[in-house]
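# Structure at a glance
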Amino acid sequence: TLTLDGVGASQVRLSWTSVADAAEYRLYRRTDANPYGSPLLVLTTTSAIDTAVTTGTPYSYVVRAVDAALNLSADSNEIAAIPTPQVVSVTFQVTVPAGTPVTGTVYIVGNQPQICGWCNPHTTALTKTGPTTWSTTLTFAEGSTVEYKYTLGDWLYVQKSDTCAEVGNNVVNVGAGPTQVANDTVLNWRN
């Protein structure tokens, strides 16, 4: 039994039940109505990740077991999959300077609409999780590059280095998987 375990923008994850006398498994892939050709992969395990795919292209898969005498089983059930970017929950966790005003609120601002697209004043507040820690969880499409900074609500109070020098944008490359964590530290605030 062939099972689709998941898809991403650039991968299809498959697994299948083991066959008692199988020496190897041959995974076949096709597009459209083309017949299955040579095996895509020859494996001794019961799972595979196809990373040679194109986002948005429909693929179909079957697997065949091969015993030690090279007898080939019939096709498994067929699985269809279309690689598409998945939604990933990214948790931003930041440690701020001890001198951050206790009545202040930490915001995240950046290049994605979820973090207000470099707007001013800033609108995406984090939640205080400890004396100097703040956090928020937002969703992004797999494969997105998120550039961002932390502020105390506007650009007058943006994150800086320990000597109050400018710092580059924080960057997260959103990978495959349902969750991801970005751990950051703000060393100083402007003004």
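See above for the structure.
Description of the structure in this document.

Calculation criteria
- Residues numbered from 1 in each chain as written.
- Predicted model: local features only at pLDDT ≥ 70, side-chain atom pairs only at ≥ 80, totals over all residues.
- Heavy atoms only, no water.
- Helix = DSSP H or I, 4+ residues; strand = E, 2+ residues; numbered from the N terminus.
- Rg over C-alpha atoms; globule rule 2.2 N^0.38 Å.
- Buried < 20%, exposed > 50% of the residue type's maximum accessible area, 1.4 Å probe, protein only.
- Contact = heavy atoms within 4.5 Å.
- Polar contact = N/O pair within 3.5 Å; in protein donor to acceptor, adjacent residues only side chain to side chain.
- Pairing = 2+ DSSP bridges.
- Axes fitted to C-alpha atoms, helices over the stretch in contact; angles between N-to-C directions.
- Core = buried A, V, L, I, M, F, W, Y, C linked by side-chain atoms within 4.5 Å.

## Things to note about the overall build of the protein
If you tally the helices and strands in the protein, you get 0 helices and 16 strands. For the protein, the C-alpha radius of gyration of 24 Å lies well beyond 16 Å, the compact-globule estimate for 191 residues. Oriented by its inertia axes, the alpha-carbon framework of the protein measures out at about 75 × 30 × 25 Å. Sorting the 191 residues of the protein into buried and exposed places 40% on the buried side.

## Concerning the environment of Glu24
Mapped onto the elements, Glu24 comes out in strand β3 (residues 22–31). You can call Glu24 buried: its relative accessible area is 19%. For the pair Glu24 and Val63, spaced 39 residues apart in the sequence, the C-alpha separation amounts to 10 Å. Once residues within four sequence positions are removed from consideration, Glu24 is found in contact with Val42, Leu43, Arg64, Ala65 and Val66. Polar side-chain contacts of Glu24 include one of 3.0 Å to the side chain of Arg26.

## A word on the pairing of strand β1 (residues 2–8)
Here β1 runs beside strand β2 (residues 11–16); their pairing, made up of 6 bridges, is antiparallel. Each bridged residue has a counterpart across the sheet, and for Gly6 the counterpart in β2 is Arg13. Linking β1 back to β2 in an antiparallel pair, the connection comprises 2 residues.

## Let's talk about the sheet that holds strand β4 (residues 41–43)
Backbone hydrogen bonds hold the strands of a sheet together, and the pairing may be parallel or antiparallel. Read across the sheet, 4 strands follow the order β4-β3-β6-β7 without closing on themselves; strand pairing throughout is antiparallel. Either end of the sheet is taken by a strand with one partner, and the two such strands are β4 and β7 (79–81). Here the average twist between neighbouring strands, direction ignored, is 25 degrees. Note that β3 and β4 share 3 bridges and pair antiparallel. If you follow Leu27 over to β4, its bridge partner there is Leu41.

## A few points about the environment of Gly168
Position of Gly168 among the secondary structure elements: in the loop between β13 (159–160) and β14 (170–173). Owing to a relative accessible area of 55%, Gly168 belongs among the exposed residues under this scheme. For the pair formed by Gly168 and Glu147, sequence separation is 21 residues and the distance between their alpha carbons is 9.4 Å.

## Examining the nonpolar core
Judged by nonpolar contacts, the single largest core of 21 residues is most densely connected at Phe92, Val94, Val106, Val146, Tyr148, Tyr150 and Val172. Breaking this core down by element, the ones donating at least two residues are β8 (87–95), β11 (133–141) and β12 (145–151). Counting residues per element, this core draws most heavily on β8, which supplies 4 residues. Setting aside residues no more than four positions away along its own chain, Tyr148 makes contact with Phe92, Ile108, Val109, Gly110, Ile115, Trp118, Asn169, Asn170, Val171, Val172, Ala182 and Asp184. If you look at the next biggest cluster of nonpolar residues, it comprises 16 residues, including Val7, Ala48, Ile79 and Ala81.

## Focus on the environment of Val186
Relative to the elements of secondary structure, Val186 occurs in the loop between β15 (179–185) and β16 (188–189). Placed 104 residues apart in sequence, Val186 and Ile82 show a C-alpha to C-alpha distance of 41 Å.

## Examining the sheet that holds β8
The sheet built from 4 strands is open, its strands ordered β10-β11-β8-β15 with mixed pairing. Two strands lie at the open edges of the sheet, namely β10 (127–130) and β15, each paired on one side alone. Geometrically, the sheet is characterised by an average inter-axis angle of 30 degrees between neighbouring strands, direction not taken into account. As judged from the 3 bridges shared by β10 and β11, these two strands associate in the antiparallel manner. Residue pairing in the sheet places Gly130 in a bridge with Thr133 of β11.

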